[in-house]
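Residues per chain are reported as follows:
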Amino acid sequence: MVIEEHMKAIEAMLPDLVAELTVEARNYFDRSWSDKGFTDEVLEKWKPVYDKSGKEKDRPLVQSGALRRSLRTEVTGSVGVVYTEVAYAQIHNEGGAQRYTAAVREHQRKGKTVKAHTRRVERMMPKRQFMGTSKRLDEIMTGIIEERLKAIFNGV
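For every chain, the first residue of the written sequence is number 1, and numbering continues from 1 onward in sequence order. A pLDDT threshold of at least 70 governs which residues receive local features in this predicted model, and a stricter bar of 80 or more applies before side-chain atom pairs are shown or counted, although totals over entire chains, interfaces and linings include all residues. As a convention, hydrogens and water are excluded, and side-chain values are obtained from all of the structure's heavy atoms.

Trainee: Hey, could you go over the nonpolar core for me, with residue numbers and the actual values?
Mentor: Counting residues in hydrophobic clusters, the biggest one holds 20 residues, and the most contacted among them are Phe29 and Phe130. In this text, helices come from DSSP runs of H or I with a minimum length of four residues, and strands from runs of E with a minimum of two, each type numbered from the N-terminal end. Mapped by element, the contributors of at least two residues to this core are helix H1 (2–35) and helix H4 (135–153). At 7 residues, H1 tops the list of elements feeding residues into this core. Not counting residues within four places of it along the chain, the set of residues in contact with phenylalanine 29 comprises Phe38, Leu71, Val82, Phe130, Met131, Gly132 and Leu137. Nine residue types can take part in a nonpolar core, namely buried Ala, Val, Leu, Ile, Met, Phe, Trp, Tyr and Cys, and a core is a set of them joined through side-chain atoms within 4.5 Å. For every residue, the accessible area (1.4 Å probe, protein chains only) is compared with the maximum for its type, and the residue is labelled buried under 20%, exposed over 50%, or partly exposed between those bounds. Any two residues having at least one pair of non-hydrogen atoms within 4.5 Å are treated as being in contact.

Trainee: Outline the pattern of salt bridges, supporting the account with residue identities and numerical values.
Mentor: For this document, the term salt bridge refers to a Lys or Arg side-chain nitrogen within 4 Å of an Asp or Glu carboxyl oxygen. Evaluated as defined, the whole model comprises 7 salt bridges. Across the pair glutamate 41 and lysine 135 runs a salt bridge whose closest N-O atoms are separated by 3.2 Å. Here the residue glutamate 41 occupies a position in the loop between strand S1 (37–39) and strand S2 (43–45), and lysine 135 occupies one in helix H4, the gap between them amounting to 94 residues. Its relative accessible area of 57% is what places glutamate 41 among the exposed residues.

Trainee: Can you explain the packing of aromatic side chains? Please cite residues and give values.
Mentor: Here is the rule: rings of Phe, Tyr and Trp (six-membered ring for Trp) pair when centre to centre is within 6.5 Å. Planes less than 30 degrees apart are stacked, more than 60 are edge-to-face, and the remainder are tilted. For the structure on display, the rule yields 5 aromatic pairs. Both rings, one in tyrosine 28 and one in phenylalanine 29, keep their centres 6.3 Å apart while their planes meet at 75°; by these two values the pair is edge-to-face. Here tyrosine 28 and phenylalanine 29 have matching classes, each one buried. An angle of 85° between the planes, with centres 6.4 Å apart, marks the rings of tyrosine 28 and phenylalanine 38 as edge-to-face. One end of the pair, tyrosine 28, is in helix H1; the other, phenylalanine 38, is in strand S1, with 10 residues separating them in the sequence.

Trainee: Help me get a handle on the environment of threonine 76, residues and values and all.
Mentor: The residue threonine 76 is located in strand S3 (residues 72–76) in this model. Accessibility expressed as a relative area gives 53% for threonine 76, which makes it exposed. In this structure the C-alpha to C-alpha distance between threonine 76 and valine 18, which are 58 residues apart in sequence, comes to 9.0 Å.

Trainee: Provide a residue-level description of the environment of arginine 69, including the pertinent values.
Mentor: Within the element layout of this structure, arginine 69 appears in helix H2 (residues 66–69). Arginine 69 gets classed as exposed once you look at its relative accessible area, which sits at 53%. Placed 23 residues apart in sequence, arginine 69 and histidine 92 show a C-alpha to C-alpha distance of 15 Å. Among the polar contacts listed, one links the side chain of arginine 69 to the backbone oxygen of serine 64, at a separation of 3.1 Å. Any pair of nitrogen or oxygen atoms within 3.5 Å is treated as a polar contact; in protein, a donor-acceptor pairing is required on top of that, and neighbouring residues in sequence qualify only through side-chain atoms on both sides.

Limitation: the analysis is restricted to geometry and does not speak to function.
See below:
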């Protein structure tokens, strides 16, 4: 009888718990920008970014703030997902080779006119992870789950 009551309470709590854990994960990933790095077990700082004068920028990965603001959550049944649909999110999060075509405007070089043209550019983007699997996040989530289960089993 008591087991059945506990099971019903757990089933009733599950949708709210999944939503809470999903929001917790989103907030954890969002903190990467404040921390200037990602924490799995320990904080791994992002490689610095320098402006044209060679001065280190205060906020790597922030030009418009669109990537940080793009983090979204979605809960379907017992599954919660944190995601972003920003096209450049993956290359920033994982790093790697970036290939693109750059447009060059007509300009003067050493007294000669260089006509407008395009050129292929390849550069290595350093990994600046802001979301992913994290042991520290797992610990936080486990703590939340344990609190909710204790409340059920202690009759709170």
